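# Fold and contact review
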Amino acid sequence: MNAHLMLRTIQIILIVGLIGSLNPALVWADSGLRAPIEVRASTFGYPTGTHPLAAHYPKPSVALQNGDQISFTVDIPQAGEYTLAIDAVVPEEVMFLPPEALVQIDGHAEHWRLIFPLFYQDTADTFPVDRYSNETLIPQTRLTRWSQVFLRDVSFSQPYPTVISLPAGQQRFRLLIHEAPVVIGSIYLIPATRYPGYIEYQRERQATATTGVLIELEAEKPSYKNDTAIRPISRQNLEVTPYDPYRSRLNVIGGESWDQSGTTVYYEFIVPQDGWYNVTLRAIQDYKNNFTVYRRILIDDRVLFAELNAVPFNYDPVWRNYTLGGETPYQIYLTRGSHVLGIEATTAPYHDSIQRVRVGLRAIADIAFEIKRLTGNQIDIYKEWEIADYIPDIRERLLTLANQLRADQQTLLAVNQTPASPEVLAYQMAIDNLMILAQDPNRIPVRISRLSEGAGSAAQLLGSILPSLQSQPLAIDKIYIHSPDIIPPEPTISVGAIAFDWMQRFIASFRSDPYQSAGATPDELEVWVNRPQQYVNLLQQLTDKYFTPQTGIKVKFSIMPNESKLVLACAAGTQPDIALGVSTNIPYELATRNALYDLRQFPDFDRFIRIYAPGSLLSYIIDQSVYAIPETQDFWVTYYRKDVLERLGLPVPQTWDEVLEILPELQRYGMNYNTALSSGSGLKGYLVTAPYLLNHGASLYTQEGLSGLGTDEAIRAIRFMAESFTMYGMPLTTSSFYESFRSGELPIGISNFETYLKLLTAAPEIDGLWDIALYPATVLPDGRQLRYATGSAQAAIMFANTDKATEGWTFLKWWMSTETQVMFQQELIMNYGLEYLWNPANLEAFRFTPIPSAHRDIILQQWQWLQEPVKLPGSYMQERELSNVWNRIVFDGANPRAAIDNAVTVINREIVRKMIEFGYIRNGERVRTFTIPTIDLVKEWMDNAQ
């Protein structure tokens, strides 16, 4: 039997036993406390035992789908505080987005979110190596593990499970399942209590110390974990094992990939006899200067005593052995046989500070809102205000907030023992700002930048503290479970070994990076990839594992040196066969120089492109030929802060007319609406300007290929583009919509995938407070509503002089297939976490993206309106002149029609010149015709494909 399959079988056996051992009735009865109340799944009104996973649970269980709801009544014998726990397992088909339950109690206004954990494990026992002998990550798979899930805060920062106060008598509970299916067993209401102290824990157990036992575990190989972001990493350090000066060895786990509260790694081990044991971790925290991070230690899914609920690891640039308990090690009682050690990142010691920072941010937002409502957001340094007459308690509110922050600062100082940490300094600067404002509240309107706006404001400083407190990075090399008489080996290295290692690494530095070096053997398909090494590594692995065995085609991947030099590579004859990750503006430039292969020459091309939005191909088409296929795809949608709009009583606008209706109310409070034109450089490219023309019913070009900007529809579109800023006051420039959105300065606006990923993974303070909607529609005089938007991201191309065209097309079809794109996305997230979310242009593959289903539906609906600007000879001049026209109208006050007429003359002159250069016009006569691509043309290709 495969070793890993055997391990998994053992795990299932252990898990069944573990559920029995964790029966709260047993645990709490042994502790002399009131026994919990158990509600069996047979009372939920659903058929029991229907799911295959029910066989691994000794009691009745029910399988629930997204949208299912269960309700049950509990007779509470005594009023008090209770915690809720559920025996549950998530089916294997749920990969990344965990199911949730909304817990409600009749008669209680409050409700709670319970997140069911997902578990993952390695599919092999050893790290695979790539073709250059460097170790790579082991592919992960879901582990279907029954566990007891406690109701906790969704940020997993509280030191104990959520406490619910219940009166005596009957209480009706409701659980609504959403996001994904889950199988649940019994539900328990457990009287709340705190963990016992270490002294009490030791006193309750009579045991003798073990002798001569030393169990060593390599931390980079956990038995399983609950987050794919936690991964093995390579540390080039003699103090860790295994180590190789020439090749990459994945020898520790964690670091910055293991910094979020609630993320846990688990290690199974077997002890030979009953008795007391010590636990030692070889670890390093050299990621955050002057900062202490914490880990919660679990044995068989339980925190045995309070001291294990938050074990500190101070900043230290040296690898050290940390024995739990320090100089007086904790003795942990273990029975003979198998156990599971869990190590969980936790922000519990910082929980109160995190909560007060959030409260402080809301308090600052409330004060700023009241000030702006009072002043109408009119800042005049010569105007005097008697703020205290209108907000009598403003000084007390500022001082109270400053005092709360000062108390948090002192708590942080006590923990970290240094005044030099960035967090402490940020606290001090925020406190200073608030104290200055409190001294003279009447000056707040002209000092609003100290309160809530811009860099250095109290709000910005507190916003920077929050993610820092929530980040808990730690790297672990080894884990020792040992007898008290055993001292684990210390990571000490001799001076001679250090010198020899330095010499080896110096010699190795002269070797070229194989992924950076171009060139392939004659029997290999050469592919350049314009992405970081993690992507290239994974792509090479998947290709070697699946594509080459299936097709016999060998592929060599290299990191693209610089995509702007592809033209030079073609001129020098050093270009590859295929290039991936190419910016969307490059294929046309290469194709007009006859450097790219026409992919429509392949007979199955028209059938293959059905996986794409038709509008995504337009910028790659010349006449009836296609020279690239989309690889990744962007989207432009409306982002909005639910909390801010609710406070202002404003709806989410669906059209530009509705946007203009809410603008005065936003601007009254110093807020605004962000447009795509507000971001970026001075040159406004087609990416942000073309949607205005398309949505006003204008065509970018005439049928002859000349500029279409002179039409009435185009003039209306350009006038609206300019008036959005000159008449309606939308922000001309936004340095970072993401930051302004987080602070509430721009609570609504248009942005793209980059903003979505940041909000999803790096904005915990507004989790649940934001949402997305469709791009606002333009309502035409005939009643039509158009909401076209661009979506260019990255493309794949094949070079014209390849001698492996058939092999290259076979590879491209495999790479962009739904199966491969889903597999690549899953492996990326499995290996590196949700921060590496992949946005495939393949619409079928995007449906498997692990984001909330409501967001996925919005994005897919918006992609129905995706339309890329077509490219024609000289089109770069129209793109540039359209930007110039906007600048002249907005900044110089030019007449729109006059500015457009001048631009059209310049554009058409350049278009004609390029047509002559490319042989479309000769001696003033058109000698070649070309087709201006449209969405309808692409749809026709798809529909007529065999």
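As shown above, the structure is provided for reference.
Here is a short report on the structure shown in this document. (Residues numbered from 1 in each chain as written. Predicted model: local features only at pLDDT ≥ 70, side-chain atom pairs only at ≥ 80, totals over all residues. Heavy atoms only, no water.)

## Some words on the environment of Tyr315
Just so we agree on the cut-off: By definition, any uninterrupted DSSP run of H or I lasting at least four residues is a helix, any uninterrupted run of E lasting at least two residues is a strand, and each is numbered from the N terminus. Burial here depends on accessible area, computed with a 1.4 Å probe over protein chains only, as a share of the maximum for the residue type. Under 20% is buried, over 50% is exposed, and the range in between is partly exposed. Working rule for contacts: check all heavy atoms of both residues, and any pair within 4.5 Å makes them a contact. Any N or O atom pair separated by 3.5 Å or less is treated as a polar contact, with the protein-specific requirement of one donor-capable and one acceptor-capable atom, and with residues adjacent in sequence counted only for side-chain atom pairs.
Tracing the sequence through the fold places Tyr315 in the loop between strand E20 (311–313) and strand E21 (316–323). Owing to a relative accessible area of 32%, Tyr315 belongs among the partly exposed residues under this scheme. Not counting residues up to four positions away in its chain, the partners in contact with Tyr315 are Gln285, Asp286, Lys288, Asn289, Asn290 and Phe291. Reaching out from Tyr315, the side chain makes a polar contact with the side chain of Asn289 at a distance of 3.1 Å.

## Quick notes on the sheet that holds strand E34 (residues 770–773)
Our working definition: When DSSP finds two or more bridges between two strands, those strands count as paired.
On the basis of which strands lie adjacent, the open sheet formed by four strands has the order E32-E33-E31-E34 and mixed pairing. This sheet does not close on itself; its edge strands, each paired only once, are strand E32 (673–674) and E34. Across four bridges, strand E31 (residues 637–641) lies against E34 in antiparallel orientation. Residue Tyr639 lies in a different strand from E34, and its bridge partner there is Ile772.

## Points about the side chain of Asn134
Turning to its location among the elements, Asn134 is positioned in the loop between strand E7 (119–122) and strand E8 (140–143). Among the polar contacts made by the side chain of Asn134, one reaches the main-chain amide nitrogen of Ser248 at a distance of 2.9 Å. Asn134 has contacts with Pro128, Val129, Arg247, Ser248 and Arg249, leaving out every residue within four places of it along the chain.

## Some thoughts on the pattern of salt bridges
What counts, and what does not: When a carboxyl oxygen of Asp or Glu is within 4 Å of a side-chain nitrogen of Lys or Arg, the pair counts as a salt bridge.
Within this structure, the stated rule accounts for 32 salt bridges. The shortest N-O distance in the salt bridge between Arg205 and Glu204 comes to 3.6 Å. With relative accessibility at 26%, the residue Arg205 sits in the partly exposed group. In this structure, Asp606 engages Arg600 in a salt bridge whose closest nitrogen and oxygen atoms are separated by 2.7 Å. Since its relative accessible area comes to 23%, Arg600 is described here as partly exposed. Taken together, the shared-partner salt bridges connect Glu38, Arg40 and Lys59 into one network.

## Re unusual backbone geometry
Residue Pro242 is reached from Thr241 by a cis peptide bond, and omega for that bond is -10°. Mapping Pro242 onto the fold places it in the loop between strand E15 (232–233) and strand E16 (252–255). Its identity is not glycine, yet Glu179 carries a phi of approximately 80°, on the positive side. With respect to the helices, strands and loops of the structure, Glu179 is situated in the loop between strand E11 (169–178) and strand E12 (182–191).

## Some thoughts on helix H26 (residues 896–917)
As a reminder of what qualifies: For a helix, the expected span equals 1.5 Å multiplied by the number of residues minus one.
Spanning 22 residues, H26 covers 31 Å between terminal C-alpha atoms, matching the ideal 32 Å at 1.5 Å per step. Looking at H26, one finds that the buried residues are Pro896, Ala899, Ile900, Ala903, Val904, Ile907, Asn908, Glu910, Ile911, Lys914 and Met915. In the core, the buried residues of H26 are packed alongside helix H18 (712–726), helix H25 (875–892), strand E38 (921–922) and strand E39 (925–926). N-cap assignment for H26: the residue whose side-chain oxygen lies 3.0 Å from the backbone N of Arg897 is Asn895. Within two residues after H26, Gly919 carries a phi angle of roughly 85°, on the positive side.

## Overview of empty space enclosed by the protein
Which entries qualify depends on this criterion: Both cavities and pockets are sets of points on a 1 Å grid over the protein atoms alone; in a cavity a 1.4 Å probe fits but cannot get out, in a pocket the set is open with protein on both sides within 12 Å along at least five of seven lines, and lining residues sit with an atom within 4 Å of a point. Grid points are joined across faces, edges and corners, and a volume is the space filled by probe spheres set on the points. For this classification, the nonpolar set comprises Ala, Val, Leu, Ile, Met, Phe, Trp, Tyr, Cys and Pro, the charged set comprises Asp, Glu, Lys and Arg, and every other residue, Gly included, is treated as polar.
For the structure on display, the rule yields six cavities of 30 Å³ or more. Put simply, the largest cavity is a space of about 90 Å³. In this structure, the largest cavity is lined by 14 residues; those nearest its centre are Asp122, Ile138, Gln140, Lys225 and Pro232. Classifying every residue of the lining of the largest cavity by side-chain character gives seven nonpolar, three polar and four charged.

## Description of the sheet that holds strand E5 (residues 100–105)
Keep this limit in mind: Inter-axis angles, ranging from 0 to 180 degrees, are taken between N-to-C directions of lines fitted to C-alpha atoms, where helices are fitted over the stretch in contact.
Ordered by their spatial adjacency, four strands build an open sheet running E3-E11-E5-E6, and the pairing between neighbours is antiparallel. The open sheet has two free edges, formed respectively by strand E3 (69–76) and strand E6 (111–115), since each of these has just one partner strand. Direction aside, neighbouring strands of the sheet carry axes that sit 25° apart on average.

## With respect to the packing of helix H6 (residues 394–416) against helix H7 (residues 422–439)
Applied cut-off: Each angle receives one of four descriptions, namely roughly parallel if under 35 degrees, roughly antiparallel if over 145, roughly perpendicular if within 65 to 115, and oblique otherwise. A clockwise turn of the near helix away from the far one marks a right-handed crossing, whereas an anticlockwise turn of less than a right angle marks a left-handed crossing.
In the contact formed by H6 and H7, the axes pass within 9 Å of each other and the chain directions differ by 160°. In this view, H6 runs roughly antiparallel relative to H7, as classed from their interaxial angle. In this structure, H6 crosses over H7, and the sense of that crossing is left-handed. Counting all contacts with H6, which are made through Arg395, Leu398, Leu399, Leu401, Ala402, Leu405, Arg406, Asp408, Gln409, Leu412 and Leu413, the residues of H7 involved are Glu423, Val424, Tyr427, Gln428, Ala430, Ile431, Leu434, Met435, Leu437 and Ala438.

## A short note on the nonpolar core
What counts here: Grouping buried Ala, Val, Leu, Ile, Met, Phe, Trp, Tyr and Cys residues that are joined through side-chain atoms within 4.5 Å yields what is termed a nonpolar core.
Counting 132 residues, the largest nonpolar core has Leu580 and Phe811 as the members making the most contacts within it. It is H18 that contributes the most residues to this core, eight residues altogether. Residues in contact with Phe811, not counting those within four places in the same chain, are Leu525, Val527, Thr543, Phe547, Val555, Phe557, Ile578 and Leu580. Counting residues in each nonpolar core, the second largest holds 77 residues, with Leu308, Ile364, Leu434 and Leu451 among its members.

## Re H7
Over its 18 residues, H7 extends 26 Å from the first C-alpha to the last, a length consistent with the 26 Å expected when each residue adds 1.5 Å. For H7, every residue scored as buried is listed here: Glu423, Val424, Ala426, Tyr427, Ala430, Ile431, Asn433, Leu434, Leu437 and Ala438. Elements in contact with the buried residues of H7: helix H4 (351–375), H6, helix H8 (448–451) and helix H9 (458–470).

## Observations regarding the environment of Tyr287
Mapped onto the fold, Tyr287 is located in the loop between strand E18 (275–285) and strand E19 (293–299). C-alpha separation for the pair Tyr287 and Leu780, spaced 493 residues apart in sequence, amounts to 55 Å. In this view, Tyr287 contacts Ile233, Arg235, Gly255, Glu256, Pro473 and Ala475; residues no more than four positions away in its chain are not counted. Polar contacts involving the side chain of Tyr287 include one to the side chain of Arg235, which spans 2.9 Å.

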